[in-house]
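Understanding the architecture of this molecule
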Amino acid sequence: MPDGLAWPKTGRPRVKQELKTFQTARDESLAATAGGPPPRTINPFFGVGPITDMARDEAENRQLRFAFEHWLEQNYRKLDDTGRNTGCFTAGEIGRSMHRGYPADKFLLDMMREIHRYFAFPKSNCMAVGLGGGHSGFTVAALHFLTVNDAAQHVYVDTPAPESGPAVASGFFRQSWGAQIIEMMRYARGGDETRIHFAKAEGAIPSSDTMERMGIKVFFGVGHETTGATTYARADILNLLDWIDRNPAEHHAVLDATSMLGAMPWGEDVVAQVMTKCCLFMPFQKAIGGISGYYLLSFTPQALALVEENQKTPSWAIPRQLKLAAPADPKLPLSGARSVKLGPIYDPQENRMLGGVINTFSTLAFAETTFGLLRVEKMIGPVQELNRRSELNRAAINEWMSNSQLFELGVSNPEQRGAAVTLIRVNDPAITDPGLHARIIARSKQLLSYEGITHPGGEHEQGLDVARYVNAFPGTPGDYRAWIGGIRPVEDITALLDNLKYAYHRARIVVIEEELAKHGVTFPASAGGAARTRRDDPARAYKVLICDYVGLKFGKDGRPDHAAVKAHVEANGGVFHEVPLADEASLEKGRIHFFYQPDLSKPDEIRPLTDKGQYDAVIAAATFLPKDSVFTEGGVRIGAGTGNMASASWGGGNGEGGPAPLMNTPSFNSRATAQMGFKALLKVLPDLPVDEMHRLTAEGQFDTGRDLKKFPTEKIEGKRIGIIGYGNIGREMAKLAQAFGMVVAVHARPRHREWIQSEGFIFASTPEEAARGADVISVHTGLGPLNAATGRYANANVVSAAVLRELNDGAILINYDRGECVDATALDEAMAAGKVRYAAVDADLFVDAATGAATGPMAPYLPLGKKYPGRLELLPHAAADTEHVSRVEGAKQAVDQIMNAIRYREVVNLKGDLPEGYSVGGAMTVAGVGKCSGQTIARALATEGAADAARSGAEAMAAIWGALATADTEERRARLIERHGAALTKHFNAYATLMRQLGIEGPYG
């Protein structure tokens, strides 16, 4: 391969080998990115400081804003003239007017105290605050520390001299530190530039002996960590501390802590000495992730004494907003004495501000800083832990880089690599032309952010939005710069680096394609993973058996109409046959053929048609599929339970084992089943004898005024119903009961507790608890898994004698689930004792045509029907299987699921184990029935106007409730209710209706 991709400086490149080199590099990048983007970073903002709020997305950002406002309201209260708490200050009030006096002064004091405490500044060191950012903090330090009156005061600035060779490439920003000090001396009366000394290279501290010989009294460590991603090595810091200790009264170190704070990798003992013996300045919106531009500057007692002394004979004018020493006599601002004891300085020993602030600050920004800092402490722990995590992140970068041939760190000395900021550069032997290199880096940053990149052919790659503003400063040895401080978990650091690598390769592909396009070489747009890959065999005809009716309304021919399902099959590329499978060889290859045989019902009828794998897949509703039926491509049950799907191809009714997937179509008949169950309940509750009253009325034998008193009744509202099971049908039953004003108790697994309670139901930890004091009990658990050892289903007799004993006397039992779910013997005893006065059961019944013998789950109930006439209603499992629309829609979905499984090896509504070679395609239910899912919300977002309507309604309700919650008097609350009560109610009604329409309710899964 040639030495990199660099076109000749003159003339049109024509060398074929150079074109081949480009194509080879492109192929390498395609291979490197074939697996798609790596895992996302948790938070994409790597250019906002070592401490961010680490909110993962916009939803968390907005929730955090609410949390801040709640915190503000709890901590900042209105006090009347007696000191009595009369309510809270709100963010709206503070933002509009509160900048002076109380509570503004408290906001500032609280922030200063918490910063001083958390970062472990010693009590001996005071801290100033003022407008601006990091440069303001540096300016304040320089203006107050330096003087022209002490000829022995030499200054060392840890940055190359402005306009020197090493400094020129870095531009104005990085030269501004030194330039400001030079200008101070240059334009001051008696100033001496020779007393200012600069480093040959950033990030190194001269020895203590050297600085003493030079007469250094003030040391400035500026900017190198933030811009150059270096930190001082432990040995350098120890050397600096030694220099200070030699003459603490006159040796002052002023360090830029913009990136250093919370990322000091020198060990706790050394960090404690730095915080005590050094002065630190920082723009706190970067140091803690705030939004306002203000600086903080800590002072040792000796440094504060120096400032006090220098202000006796000032060397230069200090702008009003940057002054730290205020006039002792406000009437004599020019000739009077000045003192830092009156400046905008926090005294931690007395926990008070020594003086006021001159300028109007953003009080909310102070509050946000305090809130953010306390949140960081809660998330991370003390500052020592923050420092430790920063070191771990630096170590993670070192390890990742040691295994990379493409990237290298900008700082070669591991001990001097920043623990808060990292510089990364690309060392790509395939790209030697600086212009191409710069274009690739720029494009990679577009992909890392939200802009994305577009190929010459027009194909657009959406921005990953995993790393915004990772720009390196001019003159620094890096292509990318990122803050990687300790608030970030180490996996976020790894994700950042993996995404840098991916983005570089994708950007290299685009830039190479742009270069090749100039020479007529183009490439077709890639699929980009948007289209699914077919995995079925085009040389094979797939055969699917449909062995139940897929339409229940009668057509013109007098038979159940399956036309809608047939049309659905054909519209999706399938073939619908209304005859049995006969000549397989005649079937069209590459198609899925559905064979409609709805009159099959008995195992003996099905077995000879399926025991040799004659059909590849099956769709069934009530038909029982024996164990030795073979369906290698899978099966779908139209409905929720799969107990009748006993084929060993998927391991039986639980779908545990086998090479084929078992699926179902939950929720289509859930509402029909629940409605039929509730119909049974309404026959006896309210307990008005409607039939008898109808007869008397129709015969003219009922006098309303005289006879109504003979028929007292009780409304269903307020009655308690115990529901066993929180599946689709159980939840629909609970919703119907709730709509009738019943008290609803639901028993389910503990993981459903919060969802059950969120819908206003009572959670019952046991079936007995659900039945306790209930007037109605309804079971909806399904049979559950079969225990092979005992031959019993898990939920057999879940309504036991113990459960029935907990009911109120004269209760009603509804079993529209499986006959075996209720202990029929216990029910007999409960009905005999009057504990249960009425029961409704819907279960399978099979009658031998020759002998008339009855078998199936209904059989144990038949004697009870004769024993308790009029008190027991028995149905042959007809509650759901007689509803036409549910059956048709369920059958259509079953067709889709079978097609997905065959064509794409994707399983929707998986029941049991996922066979090898298949992927999970999620869940699909009817909107509002069963669990709400990500697909439900995605469908809602695709509904025109839904998101805007939901947002506006939610925001309006949040605003009104927030105002009502913070109203501090009954009069104000009444005023708000008068103004907004109708709007609140209307918004709630519309919002609740919209959520139901979109299906965003119930449990999420």
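Data block above holds the structure.
Remember, predicted model here, so these are calculated numbers, not experimental data.

**With respect to the overall build of the chain**
Summing up its helical and strand segments, the chain has 32 helices and 37 strands in all. Computed over its C-alpha atoms, the radius of gyration of the chain comes to 39 Å, more than 25% above the 30 Å expected for a compact globule of 1005 residues. By principal-axis analysis of the C-alpha atoms, the chain measures approximately 120 × 90 × 50 Å. Each of the 1005 residues in the chain was classed as buried or not, and the buried ones make up 51%.

**Brief notes about helix 10 (residues 234-246)**
Over its 13 residues, helix 10 extends 18 Å from the first C-alpha to the last, a length consistent with the 18 Å expected when each residue adds 1.5 Å. Among all positions of helix 10, only Asp236, Ile237, Asn239, Leu240, Leu241, Trp243 and Ile244 are buried.

**Side note on the side chain of His505**
Secondary-structure assignment places His505 in helix 17 (residues 490-517). Given the relative accessible area of 10%, His505 is considered buried. Polar side-chain contacts of His505 include one of 2.8 Å to the side chain of Ser29. Beyond its immediate stretch of four places on either side in the chain, His505 contacts Ser29, Ala32, Thr33 and Leu406.

**Here's the deal with the sheet that holds strand 15 (residues 421-426)**
The strands making up a sheet are joined through hydrogen bonds of the backbone, oriented either antiparallel or parallel. With antiparallel pairing, the three strands of this open sheet are ordered in space as 14-15-18. Both outer strands of the open sheet, strand 14 (407-409) and strand 18 (480-483), are each paired with one neighbouring strand and no more. Neighbour to neighbour, the strand axes of the sheet diverge by 30° on average, direction disregarded. Judged from the four bridges that link them, strand 15 and strand 18 form a sheet pairing that is antiparallel. Pairing of Val421 across the sheet is with Trp483, part of strand 18. The sheet contacts of helix 16 (residues 434-448) involve strand 15 and strand 18, and relative to strand 18 the element is tilted by about 35°.

**With respect to the packing of helix 31 (residues 946-966) against helix 32 (residues 970-998)**
What describes two packed helices is the angle between their axes and the distance between those same axes. Between helix 31 and helix 32, whose axes approach to 9 Å, the crossing angle comes to 150°. One way to sum up the angle between helix 31 and helix 32 is to call them roughly antiparallel. Here helix 31 runs over helix 32; the crossing is left-handed. Where helix 31 approaches helix 32, its residues Ala946, Ala949, Ala950, Gly953, Ala954, Ala956, Met957, Ile960, Trp961, Ala963 and Leu964 are matched on the opposing element by Arg973, Leu976, Ile977, His980, Ala983, Leu984, His987, Phe988, Tyr991, Leu994, Met995 and Leu998. Grouping the constituent residues of the contact of helix 31 with helix 32 by class yields 19 nonpolar, three polar and one charged.

**Concerning the packing of helix 5 (residues 134-145) against helix 7 (residues 171-187)**
Between helix 5 and helix 7, the shortest axis-to-axis distance is 11 Å and the interhelical angle comes to 25°. With respect to helix 7, the axis of helix 5 lies roughly parallel. Here helix 5 and helix 7 pass one another in a crossing that is right-handed. On helix 7, the residues touching Gly134, His135, Phe138, Thr139, Ala142 and Leu143 of helix 5 are Phe173, Ser176, Trp177, Gln180, Ile181 and Met184.

**Overview of the packing of aromatic side chains**
Under the defined criterion, the tally for this structure stands at 23 aromatic pairs. When the ring of Phe138 is compared with that of Phe220, the centres are 5.3 Å apart and the planes differ by 70°; the resulting orientation is edge-to-face. Pair noted here: Phe138 is in helix 5 and Phe220 is in strand 6 (residues 216-221), with a separation of 82 residues, a long-range link. A relative accessible area of 0% places Phe138 in the buried class. Overall, Phe220 belongs to the buried group, its relative accessible area being 0%. For the ring pair Trp177 and Phe281, a centre distance of 6.2 Å and an interplane angle of 45° mean the geometry is tilted. Of the two residues, Trp177 sits in helix 7 while Phe281 sits in strand 8 (residues 279-283), which places them 104 residues apart along the sequence. For the pair Trp177 and Phe281, one class covers both residues: buried.

**So, the nonpolar core**
It is characteristic of soluble globular proteins that their nonpolar side chains tend to be buried jointly. Within the largest apolar cluster, 60 residues are counted, with the highest numbers of intra-cluster contacts made by Phe119, Phe219, Leu240, Leu261 and Leu280. It is helix 14 (residues 363-380) that contributes the most residues to this core, seven residues altogether. Ranked by size, the runner-up nonpolar core spans 41 residues in total, among them Leu143, Met184, Phe299 and Ala325.

**What to know about the sheet that holds strand 19 (residues 542-546)**
What the six strands build is an open sheet, ordered 20-21-19-22-23-24; its pairing is parallel. Edge positions in the open sheet fall to strand 20 (575-577) and strand 24 (662-664), since each of these has one partner strand only. The sheet shows a mean angle of 20° between the axes of neighbouring strands, direction not considered. Bridging between strand 19 and strand 22 (residues 617-620) involves three bridges; their strand directions are parallel. Looking across to strand 22, one finds that Ile546 is bridged to Ile619. Together, strand 19, strand 21 (592-596), strand 22, strand 23 (634-637) and strand 24 form the strand contacts of helix 29 (residues 884-904), whose direction differs from that of strand 21 by roughly 145°.

**Section: the environment of Ala396**
By the secondary structure assignment, Ala396 is in helix 15 (residues 383-402). Separated by 95 residues in the primary sequence, Ala396 and Glu491 place their C-alpha atoms 8.9 Å from one another.

**Re unusual backbone geometry**
Between Tyr102 and the following residue, Pro103, the backbone shows a cis peptide bond with an omega angle of 5°. By the element assignment, Pro103 lies in the loop between helix 3 (91-97) and helix 4 (104-118). In this chain, Leu685 is followed by Pro686 through a cis amide linkage whose omega measures -10°. Here Pro686 lies in the loop between helix 20 (670-682) and helix 21 (690-698). The phi torsion at Asp465 lies on the positive side, around 50°, for a residue other than glycine. Examined against the element boundaries, Asp465 turns out to sit in the loop between strand 17 (460-461) and strand 18.

What counts as what
Residues numbered from 1 in each chain as written. Predicted model: local features only at pLDDT ≥ 70, side-chain atom pairs only at ≥ 80, totals over all residues. Heavy atoms only, no water. Helix = DSSP H or I, 4+ residues; strand = E, 2+ residues; numbered from the N terminus. Rg over C-alpha atoms; globule rule 2.2 N^0.38 Å. Buried < 20%, exposed > 50% of the residue type's maximum accessible area, 1.4 Å probe, protein only. Expected span 1.5 Å × (residues − 1). Polar contact = N/O pair within 3.5 Å; in protein donor to acceptor, adjacent residues only side chain to side chain. Contact = heavy atoms within 4.5 Å. Pairing = 2+ DSSP bridges. Axes fitted to C-alpha atoms, helices over the stretch in contact; angles between N-to-C directions. Parallel < 35°, antiparallel > 145°, perpendicular 65-115°, else oblique. Left-handed = near helix turned anticlockwise from the far one by under 90°. Nonpolar A, V, L, I, M, F, W, Y, C, P; charged D, E, K, R; others polar. Phe/Tyr/Trp six-rings, centres within 6.5 Å; stacked < 30°, edge-to-face > 60°. Core = buried A, V, L, I, M, F, W, Y, C linked by side-chain atoms within 4.5 Å.

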